[in-house]
Structure formats: structure tokens, C-alpha cells
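Examining the three-dimensional arrangement
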Amino acid sequence: MAILSRETLRASQTLNALRTPRILTREVLAGLVVAIALIPEAISFSIIAGVDPRLGLFSSFIMAVSIAFLGGRPAMITAATGAIALVIAPVAREYGTDYFIATVILGGVIQLIMAALGVAKLMRFIPRSVMVGFVNSLAILIFTAQFPYLFGVPWEVYPLIAVGLLVMIGMPRLTKVVPAPLVAVVLVTILVVWMAIDVPNVGDQGELPQSLPELLIPNVPLTFETLGIILPYALGLAVVGLLESLMTAKVVDDITDTPSRKTQESYGQGIANMLSGFFGGMGGCAMIGQTMINVKASGARTRLSTFFAGIFVLALVLLLGDVVAAIPMAALVAVMIMVSVATFDWHSVRINTLKRMPKSETSVMLVTVVAVVWTHNLAIGVVIGVVFAMVLFARRVAHLATVTRRVVAAPDGSLTAFYTVDGELFFASSNDLTTQFQYAVDPSNIVIDLSRSHVWDASTVAALDAITTKYARFGKSVEIIDMNAATHALHTRLSGHLGDGH
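Remember, predicted model here, so these are calculated numbers, not experimental data.

We now examine the overall build of the protein. Along the backbone of the protein there are 19 helices and six strands. Along the three orthogonal principal directions, the C-alpha set of the protein runs to about 105 × 60 × 50 Å. The proportion of buried residues among the 502 residues of the protein is 53%. Here the analysis covers contacts within the protein between residues at least 6 apart in sequence; of these, 84% occur between residues at least 24 apart. By element, 66% of the accessible surface of the protein is carried by carbon and sulfur atoms, the whole surface being about 23,300 Å². Positive and negative side-chain charges of the protein, numbering 32 and 31 respectively, have mean locations separated by a distance of 10 Å.

This is how it looks when you write it as C-alpha cells:
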């Protein structure tokens with residue numbers, strides 16, 4: 001019932017947007033702003049991948065439109081991305097465009113399999129500190145991506161960027177009916193054309209297509225040799241694409257205070273990549289920069305903005321190609337600078353926050369940022385951040401398991417050593433367990449009380465076996481008592497079967 005009501009709510013939001021001119025205008029204009037920013041990036045990503053710019057532009061159109069219907073996160077933008085371009089670029093360079101497109105299609109198929117396996121549910125294991133690092137590193141990457149358009153350019157670029165920034169800072173204080181980024185792009189473009197200023201523009205990034213995308217089947221032999229060539233790259237596309245998309249969806253969830261359906265988004269990404277490949281696109285995933293333009297800068301909240309972004313990409317390059325080509329890169333750089341500033345979590349680096357936050361949390365955030373910025377790969381950076389957080393957590397939990405000892409005398413005068421184990425027992429905390437028992441000095445009877453602990457893995461069972469074996473060498477008996485049901489079942493199944501000497 002919860003899922004049904006959530007879907008009904010989303011459908012009603014879209015219908016409400018269609019019926020409300022003010023909201024519909026906001027969504028349409030937000031899509032237009034995103035499309036204008038998408039075009040030069042799609043061309044650039046095509047160049048990175050070593051393919052014709054049409055593949056990036058067609059991919060952006062097809063993926064944005066399809067994900068608007070199939071995705072699980074309204075207002076999130078999916079299109080051709082630099083991360084995907086980097087992952088599969090070697091295919092185009094070494095084997096040609098047909099193998100490249102086959103890789104994109106197979107990547108989509110793998111994403112569908114991953115969605116069916118419930119990979120999206122793993123998002124719950126990503127710590128908040130990694131999320132903060134992810135957001136901050138994205139802001140840094142968005143800003144540094146503008147460097148080619150900031151250095152070695154005519155001096156006129158800088159005042160044009162300043163004009164764009166001033167418009168986007170000041171206009172929201174006057175009105176939010178029209179997205180400020182759109183006004184900034186239009187105003188800066190008019191200034192450049194009117195004053196005949198010679199600065200880099202969108203047309204300098206590559207040739208725009210002149211025709212609609214066509215359905216095609218990649219001309220590759222259907223053999224295991226072909227599969228061996230494209231599978232590693234397709235797997236990389238699937239993993240990187242899903243990870244970036246799900247992380248971006250989580251960021252949008254936090255910004256809009258609305259939940260998303262991560263599994264549905266995973267299925268949508270897979271189908272969108274397959275469609276992109278069959279129509280000659282280069283594949284892609286969610287774009288954090290364009291999504292922030294859509295959600296934060298333009299205030300979009302529904303699937304309509306994503307749909308119109310895709311439609312406008314195609315319409316602009318086919319119908320208004322000359323106009324789009326004349327848009328100065330300075331205008332788009334100004335938009336992306338504002339996006340990077342808005343994306344960065346400034347609260348996370350305030351002195352008071354750093355003083356209050358545990359050092360381990362801050363270090364995880366910093367490691368994630370450094371890893372992402374250093375590798376320019378969001379997936380690798382996030383994985384490194386998660387692994388680092390796991391290591392710190394394991395070290396911290398390892399010290400929470402304690403062993404207390406007391407010796408009790410029975411009425412007949414015999415002595416028994418009682419050991420009470422407190423805490424969670426797993427590979428990290430159980431490694432030192434064997435050193436906390438007094439094998440030589442203990443009496444002949446030993447009782448180990450596990451009522452206040454839980455055994456999680458084979459490492460702990462092996463440690464308990466080792467303790468029993470050591471006492472046996474001294475001719476002493478060990479009884480383990482008060483195990484909970486799960487611990488008892490695991491101990492019964494594994495005890496005595498984990499190696500030599502047991």
C-alpha cells in the first residue's frame with residue numbers, strides 16, 4: 001500500500017504540474033536550461049570517448065526522455081557522462097564504433113541483472129560521511145572541469161562570467177518565475193552577439209548533428225571472442241553508471257525531502273542504456289551537475305523537467321543549431337560555477353562542525369574527496385571511502401568486546417573459572433580473544449558465558465575452538481554456556497571443522 005500511495009503521489013505531482021501553468025512553466029524552462037548546458041558537455045564527452053559528437057548528443061536525448069518515464073527519481077537528469085566515456089573509451093579506440101555500441105547495450109543488460117539482484121539496496125551501507133565526501137568532491141570536480149574555459153582564453157571571458165554570476169545571484173531575490181541560469185545564458189549570449197565579442201562558444205566544441213537518430217544493430221560477430229572483448233568494459237559501465245546514479249538519487253532525495261525508488265531507477269538506467277545503444281548513443285548515467293542545475297538552480301521537482309531536457313537537446317541541435325552554436329562558453333561556465341558553489345556542503349567544513357564531528361567521520365569524508373578528485377572517478381572514490389569507513393568501524397568495534405574473569409568455589413571446595421564475554425564477536429574483535437584467558441593458572445573447570453555477546457562469523461568460532469584446545473593441553477575442560485539461538489546454530493555447524501588441531 002505504501003508503494004502504491006507513493007506512486008500515486010508522484011503521478012499526481014506530474015498531473016498537477018501539467019494543470020498548473022506556473023509549475024509547468026518552471027519545469028519546461030528548467031528543462032531548457034539543462035539542455036543548453038548538456039549540449040557542450042555531451043560533445044566534450046564524445047571527444048573523450050573517441051567517437052562522433054552525435055553519439056553523445058543522441059545518447060543525452062534518448063536517455064533523458066526514457067528515464068523520465070522509467071526512472072525512480074523524478075527531476076534527476078540522466079545523459080551522456082564523462083565517467084562512462086572514460087570507462088568505455090578504449091573500446092572505440094581499439095575496436096571501432098560498432099564494438100563501442102555493443103558494449104553500451106551489454107552494459108544496459110548487466111544493469112538490468114544487477115537491478116533484479118537488488119544491488120540498489122546496498123545503498124543503505126554507504127555512511128553519511130562518504131555521502132558528504134561524494135557531494136563535496138562533485139562540487140570540486142564541477143568547478144575544476146571549467147578550468148579549460150577559464151585559462152588561456154581572451155580577457156573578455158572574465159567580465160562575461162562575472163555578468164552571468166551577478167544575474168544568477170541577484171535575480172532570485174527579484175523573481176523566481178524564470179530560472180536565473182536561463183536568463184544569464186540569454187543575456188550573456190545577447191551581449192556577445194551585440195558587441196561582436198570573439199570568445200569561445202558551443203560551436204567550437206564540435207559539429208552538431210543534422211538528422212534524427214536511427215535504430216541500428218551493431219555490426220559485430222556474435223561470438224565468445226566478442227563477448228570477451230566487450231564484457232569487462234560493459235561491466236565497468238554498469239557498475240560506475242549505477243553507483244553514480246544511485247548516489248545522485250540519494251543527494252536529490254535529501255535536497256527535495258522526498259524518497260526515490262532505487263530499484264526502479266536501476267531498471268530504468270539499464271533500459272535507457274540499451275535504448276541509447278540501439279539508437280547509436282554512447283550510454284550514460286545520472287549527471288550530478290545537470291541535476292543540481294535542474295533541482296537547485298531552477299527548482300524543478302517532476303519528471304517533466306527531465307523529459308523536456310531531452311526533447312530540447314534534440315530540438316535545439318536540429319532546429320536551432322546555429323543559435324546554440326553561438327552561445328558563449330562563458331555563460332555556461334558561470335552556470336556551472338554557481339552549481340558547484342551550491343552543491344558543496346559548506347557546513348561540513350566549518351570550524352565548529354569539524355571540532356564537534358568525530359575525527360573518524362571527518363577523515364572518511366576527506367579520504368572520499370581526495371580519492372574522487374585524484375582519480376576523477378566517482379565510483380572508485382566512493383568505494384575507497386566506504387572501505388576506509390569499514391576499516392575504521394572494524395577497528396572501533398574490535399575494542400568493544402571485553403572479557404571479565406572470576407573464580408568461584410563450589411561447596412565441595414572445587415574451583416571454577418567463569419569468563420563473561422561482552423560485545424559483538426567477529427573477525428576483528430575475536431582476533432585477540434585467545435589472549436584474554438589464563439590457561440596455566442586457571443582451575444580444571446572453565447565456563448565461558450556468551451549471554452552478553454553474539455558470534456557473527458567463522459573467525460570467532462575458530463577462536464573459541466582454539467581456546468578449548470589450549471585448555472585441553474593443560475588437562476582442563478571448557479563449557480560454553482548461554483549462547484543465543486543464532487550463535488548456537490553457527491557454533492554447532494562449524495566447531496571442530498575449521499582447521500588442524502581441533
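Still more ground to cover, so stick around.
This brings us to the nonpolar core. Among the nonpolar cores identified, the biggest contains 114 residues, and Ile39 and Phe100 are the most heavily contacted of them. The element best represented in this core is helix α2 (residues 21–49), accounting for 13 residues. Look past the residues within four positions of Phe100 in its chain and what remains in contact with it is Ala49, Val51, Leu55, Ile88, Val91, Ala92 and Met282. In this structure, Tyr419, Val455, Ala463 and Tyr471 belong to the second largest nonpolar core, which totals 21 residues.

A separate point is the pattern of salt bridges. This structure, assessed with the given rule, holds seven salt bridges. Notably, a salt bridge pairs Glu27 with Arg26, separated by 2.7 Å at the nearest N-O pair. Of the residues examined, Arg26 reaches a relative accessible area of 21% and is grouped as partly exposed. A salt bridge links Asp52 to Arg54; its shortest N-O distance comes to 3.2 Å. Residue classification places Arg54 among the partly exposed positions, given a relative accessible area of 39%. Connected through shared salt-bridge partners, Arg73, Asp253 and Lys262 make up one network.

Here we come to the side chain of Asp253. Within the secondary structure layout, Asp253 lies in helix α9 (residues 224–256). Here the side chain of Asp253 touches Lys262 through a polar contact of 2.7 Å, side chain to side chain. Discounting chain neighbours no more than four positions away, the residues touching Asp253 are Arg73, Thr258, Pro259, Ser260 and Lys262.

A few words now on the environment of Ala64. Its place among the elements puts Ala64 in helix α3 (residues 53–70). Spatially, the C-alpha atom of Ala64 lies 5.9 Å from that of Thr306, the residues being 242 residues apart in sequence.

For the rest of this paragraph, the subject is the side chain of Thr362. On the secondary structure map, Thr362 appears in helix α16 (residues 359–375). You can call Thr362 buried: its relative accessible area is 16%.

Okay, a nonpolar patch on the surface next. A surface patch of nonpolar side chains, about 560 Å² in accessible area, is lined by Phe143, Phe147, Phe151, Trp155 and Tyr158. Relative to the assigned elements, Trp155 resides in the loop between α6 (128–144) and α7 (157–174). Residue Trp155 is classed as exposed on the basis of its relative accessible area, which comes to 62%.

Okay, the packing of α7 against helix α8 (residues 180–194) next. Where α7 meets α8, the closest approach of the two axes is 9 Å, and the angle between their N-to-C directions is 145 degrees. Here α7 and α8 pass one another in a crossing that is right-handed. When α7 is examined against α8, the residues Leu160, Val163, Gly164, Val167, Met168, Met171 and Pro172 are found in contact with a partner set consisting of Ala180, Pro181, Val183, Ala184, Leu187, Val188, Leu191 and Val192. Split by residue class, the contact of α7 with α8 holds 14 nonpolar, one polar and no charged.

Moving on to the sheet that holds strand β6 (residues 477–481). With respect to topology, four strands assemble into an open sheet ordered β3-β4-β5-β6, the strand pairing being mixed. Of all strands in the sheet, those with a lone pairing partner are β3 (402–409) and β6, marking the two edges. The mean inter-strand angle of the sheet, taken between neighbouring strand axes irrespective of direction, is 20 degrees. Here strand β4 (residues 415–425) runs beside strand β5 (residues 445–455); their pairing, made up of nine bridges, is parallel. Across the sheet, the residue bridging to Glu424 is His454, located in β5. Sitting on the sheet, helix α18 (residues 458–473) is in contact with β4, β5 and β6, with an inclination near 175 degrees to β5.

This part takes up helix α19 (residues 485–494). Given 3.6 residues to a turn, an α-helix orients residues that are three or four positions apart in the same direction. Burial in α19 covers these residues: Thr487, Leu490, His491 and Leu494. In a view along the axis of α19, the buried residues occupy a sector of 95 degrees, so they form one face of it. Exposed positions of α19 whose direction lies more than 90 degrees from the buried face are Ala485, Thr492 and Arg493. Tucked into the core, α19 has its buried residues touching β5, α18 and β6.

Two strands pair when backbone bridges link them, and β5 and β6 are joined in this way by five bridges, in the parallel orientation. Each bridged residue has a counterpart across the sheet, and for Val447 the counterpart in β6 is Glu479. Handedness of the crossover joining β5 and β6 through α18: right-handed.

Within β4, eight of the 11 residues are buried, which leaves the element mostly enclosed by the surrounding structure. Where β3 lies against β4, eight bridges are found, and the strand directions are antiparallel. Paired with Thr402 across the two strands is Asp422, which belongs to β4. The turn linking β3 back onto β4 is made up of five residues, and Gly413 within it adopts a positive phi angle of 95 degrees.

About the thresholds
- Sequence order as written defines the numbering, with residues in each chain counted from 1.
- Given that this is a predicted model, residues contribute local features only at a pLDDT of at least 70 and side-chain atom pairs are listed and counted only at 80 or more, while totals for whole chains, interfaces and linings are drawn from all residues.
- Derived side-chain values reflect all non-hydrogen atoms in the structure, with water molecules and hydrogen atoms excluded from consideration.
- Helix and strand assignments follow DSSP, with helices taken as H or I runs no shorter than four residues and strands as E runs no shorter than two, numbered in order from the N terminus.
- For every residue, the accessible area obtained with a 1.4 Å probe (protein chains only) is divided by the maximum for its type, and the residue is called buried under 20%, exposed over 50%, and partly exposed between those limits.
- It only takes one pair of heavy atoms within 4.5 Å for two residues to be counted as in contact.
- Only the protein chains shown count as covering a residue, and every accessible area follows the Shrake-Rupley method with a 1.4 Å probe.
- Charge counting follows a simple rule: Lys and Arg are positive, Asp and Glu are negative, and His as well as the terminal groups are ignored.
- For charged residues, the charge sits on one atom: NZ in Lys, CZ in Arg, CG in Asp, CD in Glu.
- Residues grouped as a nonpolar core are buried Ala, Val, Leu, Ile, Met, Phe, Trp, Tyr and Cys residues, joined through side-chain atoms within 4.5 Å.
- Any carboxyl oxygen of Asp or Glu within 4 Å of a side-chain nitrogen of Lys or Arg constitutes a salt bridge here.
- Within 3.5 Å is the distance limit for a polar contact, defined as a pair of N or O atoms, with the added protein rule that one can donate a hydrogen and the other accept it, and that residues adjacent in sequence qualify only through two side-chain atoms.
- Two joining distances apply to patches: 9 Å for like charges and 5 Å for nonpolar side chains (Val, Leu, Ile, Met, Phe, Trp, Tyr), and every residue must have over 30% relative accessible area and no salt bridge.
- Fitted lines through C-alpha atoms serve as axes, helices being fitted only where they are in contact, and the angles separating the N-to-C directions of these axes extend from 0 to 180 degrees.
- Each crossing is labelled by how the near helix is turned from the far one, with a counterclockwise turn of less than a right angle marking it left-handed and a clockwise turn marking it right-handed.
- Residue polarity is assigned by list, with Asp, Glu, Lys and Arg as charged and Ala, Val, Leu, Ile, Met, Phe, Trp, Tyr, Cys and Pro as nonpolar; anything else, Gly included, falls into the polar class.
- Here, strands pair whenever DSSP counts at least two bridges between them.
- It is the directions from the helix axis to the C-beta atoms whose arc is reported.
- Handedness of a crossover: with both strands directed away from the viewer, a clockwise path from the first strand across the helix to the second marks it as right-handed.

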